[in-house]
Amino acid sequence: MKFEVYCDESCLEALKNKNEHFFMGIGGIWMPAEMRDKFKTELKQIKSKYNVQGEFKWNKVSPKYLPMYKEIIDFFFDAKYLRFRIILVESDKVNLVTFHNSDAELSFYKFYYQMIKSWIYDFNLYDVFLDLKKNRNKGRLKELERFLDNANFFSDVRTVQGLPSNQSLGIQLADLLTGIITAKFNNKTTSIAKSELIRYVESHLGNVIQPTSKNEEKLNVFKINLQGGW
């Protein structure tokens, strides 16, 4: 099968300023490529219902548009063809000097690799889309593509490409879910609307947002262990 993966991150500054946030999150939406049009149509209908023309994203959650964001959460949980995975990284445990050549950008894409590779399954083809950003090393995305393609010799990661988030509803949904879960773990949310949206996701889950088992397929939360040991 052909799959598309849409990714975004939250609290990236935690890798450089470890006093800013406890956790950085990188999340991705997985969908069969054949469902892309249905996905876009249904999300556009929700946005149109609330007369929203621009992006929807975690940073834009407000009391006025809380009903729309709740409906988007309903849409995600109801759409059986959608899956989401996030990796949570404890910023104060990232050893940039020893393991990442003192390069925060390199560590960021290593964690991207860790988030995606576990859901690269045999005999599938994948196109991966990341929120577009300027990298100091211009070859980062090609490098990530190569490593992901080599992660499973029985699959094909055809492309890893940067897209502006305003051109991709998939990236916008990844932004929203990544922001919700990272905010829950950072426990710094002061917005009433954002706190309510976190609780709304938990009502769908039937429990608080927390790390999940490796086998969780709908909303998979991977809190990576950077302590070492066995």
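Here, every reference points to the structure presented above.
Rules behind the numbers
Residues numbered from 1 in each chain as written. Predicted model: local features only at pLDDT ≥ 70, side-chain atom pairs only at ≥ 80, totals over all residues. Heavy atoms only, no water. Helix = DSSP H or I, 4+ residues; strand = E, 2+ residues; numbered from the N terminus. Contact = heavy atoms within 4.5 Å. Areas by Shrake-Rupley, 256 points an atom, 1.4 Å probe, with all protein chains shown as cover. Salt bridge = Lys/Arg side-chain N within 4 Å of Asp/Glu carboxyl O. Buried < 20%, exposed > 50% of the residue type's maximum accessible area, 1.4 Å probe, protein only. Core = buried A, V, L, I, M, F, W, Y, C linked by side-chain atoms within 4.5 Å. Polar contact = N/O pair within 3.5 Å; in protein donor to acceptor, adjacent residues only side chain to side chain. Patch = residues over 30% accessible without salt bridge, like charges linked within 9 Å, V, L, I, M, F, W, Y side chains within 5 Å. Phe/Tyr/Trp six-rings, centres within 6.5 Å; stacked < 30°, edge-to-face > 60°. Lys NZ or Arg CZ within 6 Å of the ring centre and 35° of its normal.

Turning our eyes to something else, we now look at the overall build of the protein. Of regular secondary structure, the protein possesses 7 helices and 6 strands. Each helix and strand of the protein, placed in order from N terminus to C terminus, yields the pattern β-β-α-α-β-α-α-β-α-β-α-α-β. By sequence separation, contacts in the protein at least 24 residues apart represent 76% of the contacts at least 6 residues apart. Entry remark: accessible area of the protein is about 11,900 Å², with carbon and sulfur atoms responsible for 50%.

Inspection of the entire model under this criterion finds 12 salt bridges. In this structure, lysine 38 and glutamate 42 form a salt bridge, with 2.7 Å as the shortest nitrogen-oxygen distance. Placement of the pair is lysine 38 and glutamate 42 together in helix H1 (residues 36-49), with a separation of 4 residues, close to one helical turn. For lysine 38, a relative accessible area of 39% corresponds to the partly exposed category. Each of Lys70, Glu196 and Arg199 takes part in a single network of salt bridges with overlapping partners.

Our next topic: the nonpolar core. Ranked by internal contacts, the top residues of the largest apolar core, which has 45 residues, are Ile29, Leu82 and Leu176. Sorting the residues of this core by element identifies strand E2 (23-32), H1, helix H2 (66-78), strand E3 (83-90), helix H6 (169-186), helix H7 (192-205) and strand E6 (219-223) as the ones contributing at least two each. Ranked by the residues each element gives to this core, the list is headed by H6, at 10 residues. Sequence-distant contacts of leucine 176, that is, excluding residues within four places in its chain, are made with Phe56, Lys57, Trp58, Val61, Tyr69, Ile72, Ile73 and Leu197. Counting residues in each nonpolar core, the second largest holds 25 residues, with Val5, Trp119, Val128 and Val157 among its members.

As for its position among the elements, aspartate 131 is in strand E4 (residues 125-131). Reaching out from aspartate 131, the side chain makes a polar contact with the backbone nitrogen of serine 165 at a distance of 3.5 Å. Every residue in contact with aspartate 131, bar those within four places of it in the chain, is listed here: Cys7, Asp8, Leu163, Pro164, Ser165 and Ile171.

A contiguous nonpolar surface patch, about 450 Å² in accessible area, is contributed by Phe123, Phe153 and Phe154. Its place among the elements puts phenylalanine 123 in the loop between helix H4 (104-117) and E4.

This part covers the packing of aromatic side chains. Going through the model one piece at a time under the given rule, you end up with 11 aromatic pairs. A ring pair is formed by phenylalanine 39 and phenylalanine 75, whose centres lie 5.9 Å apart and whose planes are at 40°; its orientation type is tilted. A residue pair is termed long-range when its members are at least 10 positions apart, and phenylalanine 39 in helix H1 and phenylalanine 75 in helix H2 qualify at 36 residues. Cluster of aromatic residues (ring-pair linked, three or more members): Phe108, Tyr109 and Tyr112. Over the ring of phenylalanine 22 we find lysine 188, and its NZ or CZ is 5.7 Å from the ring centre. Note that lysine 218 overlies the ring of phenylalanine 76, its terminal NZ or CZ placed 4.4 Å from the centroid.

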